[in-house]
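Coordinate analysis (summary)
Spelled out, the chains give:
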Amino acid sequence: RAGKPSKGCDYVAKKPSKYCDYEGEDGTFAFESCPKACGECGCQDSATWRYKGKSGKDCDWVANDPDSRCKKKSSDGVKAKNACKVTCEKC
């Protein structure tokens, strides 16, 4: 926040409904600088990722057992945790 550089993303996360619209000294808003704290992660699950290329094994499939399936790889070597970011809580 302008004039208060010690007020970082942890501070914003305490009351996002109030602080996410604040503008910082650098001209960016808290929701831009602290997207996770403000629920503006901007990331999403891939619509094309498939475990070993199998049609029924997409991010919805990963969601049924994320603890073990977020480690799985697609046929081109992309791990589910990198493709199914929302499901695997990576954003």
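For the structure itself, consult the block above.
Here's a quick rundown of the structure. Just so you know, these numbers come straight off a predicted model, no measurement behind them. Chains are numbered independently. Their residues run from 1 in the order of the written sequence. In keeping with the model being predicted, local features are shown solely for residues with a pLDDT of at least 70 and side-chain atom pairs are shown and tallied solely at 80 or more, while totals for entire chains, interfaces and linings include all residues. Each side-chain value is worked out from all heavy atoms of the structure, with water and hydrogens disregarded.

1. Focus: the packing of aromatic side chains
For this analysis, a ring pair means two rings from Phe, Tyr or Trp (six-membered ring only for Trp) whose centres lie within 6.5 Å, classed as stacked if their planes differ by under 30 degrees, edge-to-face if by over 60, and tilted for the remaining angles. Scanning the entire structure with this criterion turns up three aromatic pairs. Plain terms: the ring middles of tyrosine 11 and tyrosine 19 are 4.6 Å apart, the flat faces sit at 35° to each other, and that makes the pair tilted. The class of tyrosine 11 is partly exposed, set by a relative accessible area of 27%. Both rings, one in tyrosine 19 and one in tyrosine 22, keep their centres 5.4 Å apart while their planes meet at 75°; by these two values the pair is edge-to-face. Judged by its relative accessible area of 22%, tyrosine 22 is partly exposed. Among the aromatic residues, those joined into a cluster by ring pairs are Tyr11, Tyr19 and Tyr22. Residue burial is assigned from relative accessible area. The probe radius is 1.4 Å, only protein chains are included, and a residue is buried under 20% of its type maximum, exposed over 50%, and partly exposed in between.

2. Observations concerning the state of the cysteines
Whenever a pair of cysteine sulfur atoms sits within 2.5 Å, that pair is classed as a disulfide. Tallied over the entire structure, the rule returns three disulfides. For cysteine 59, the disulfide goes to cysteine 84, at an S-S distance of 2.0 Å. The disulfide joining cysteine 59 to cysteine 84 has a torsion of about -80° about its S-S bond and is therefore left-handed. Taken together, the positions of cysteine 59 in helix H4 (residues 59–63) and cysteine 84 in the segment after helix H6 (80–83) put the pair 25 residues apart, joining distant regions of the chain. Its relative accessible area of 4% is what places cysteine 59 among the buried residues. Between the sulfur atoms of cysteine 70 and its disulfide partner cysteine 88 the distance amounts to 1.9 Å. Note on the cysteine 70 and cysteine 88 pair: the S-S dihedral is about -100°, so by sign convention the disulfide is left-handed. A run of H or I in DSSP becomes a helix once it reaches four residues, and a run of E becomes a strand once it reaches two; helices and strands are each numbered from the N terminus.

3. Here's the deal with the nonpolar core
In terms of nonpolar packing, the biggest core is built from 10 residues, these being Trp49, Tyr51, Cys59, Trp61, Val62, Cys70, Ala80, Ala83, Cys84 and Cys88. Residue contacts for alanine 83: discarding those within four places in its chain leaves Gln44, Asp45, Ser46, Trp49, Cys59 and Val78. Among the buried residues, those of types Ala, Val, Leu, Ile, Met, Phe, Trp, Tyr and Cys that are joined through side-chain atoms within 4.5 Å form a nonpolar core. Within the second largest apolar cluster, six residues are counted, among which are Tyr19, Cys20, Cys34 and Cys38. Contacts are assigned to residue pairs that have any heavy atoms within 4.5 Å of one another.

4. With respect to a positive patch on the surface
Together, Lys73, Lys79, Lys81 and Lys90 give the surface a local cluster of positive charge. As for its position among the elements, lysine 79 is in the loop between helix H5 (66–69) and H6. Here, patches come from residues exposed beyond 30% relative accessible area and free of salt bridges, joined within 9 Å for like charges and within 5 Å for nonpolar side chains (Val, Leu, Ile, Met, Phe, Trp, Tyr). The protein chains shown are the only cover counted for residues, whose accessible areas, like all others here, come from Shrake-Rupley with a 1.4 Å probe. By convention in these notes, a salt bridge is any Lys or Arg side-chain nitrogen within 4 Å of a carboxyl oxygen on Asp or Glu. Under the convention used here, Asp and Glu are negative, Lys and Arg are positive, and both His and the chain ends fall outside the count. Every charge is mapped onto a representative atom, which is NZ of Lys, CZ of Arg, CG of Asp or CD of Glu.

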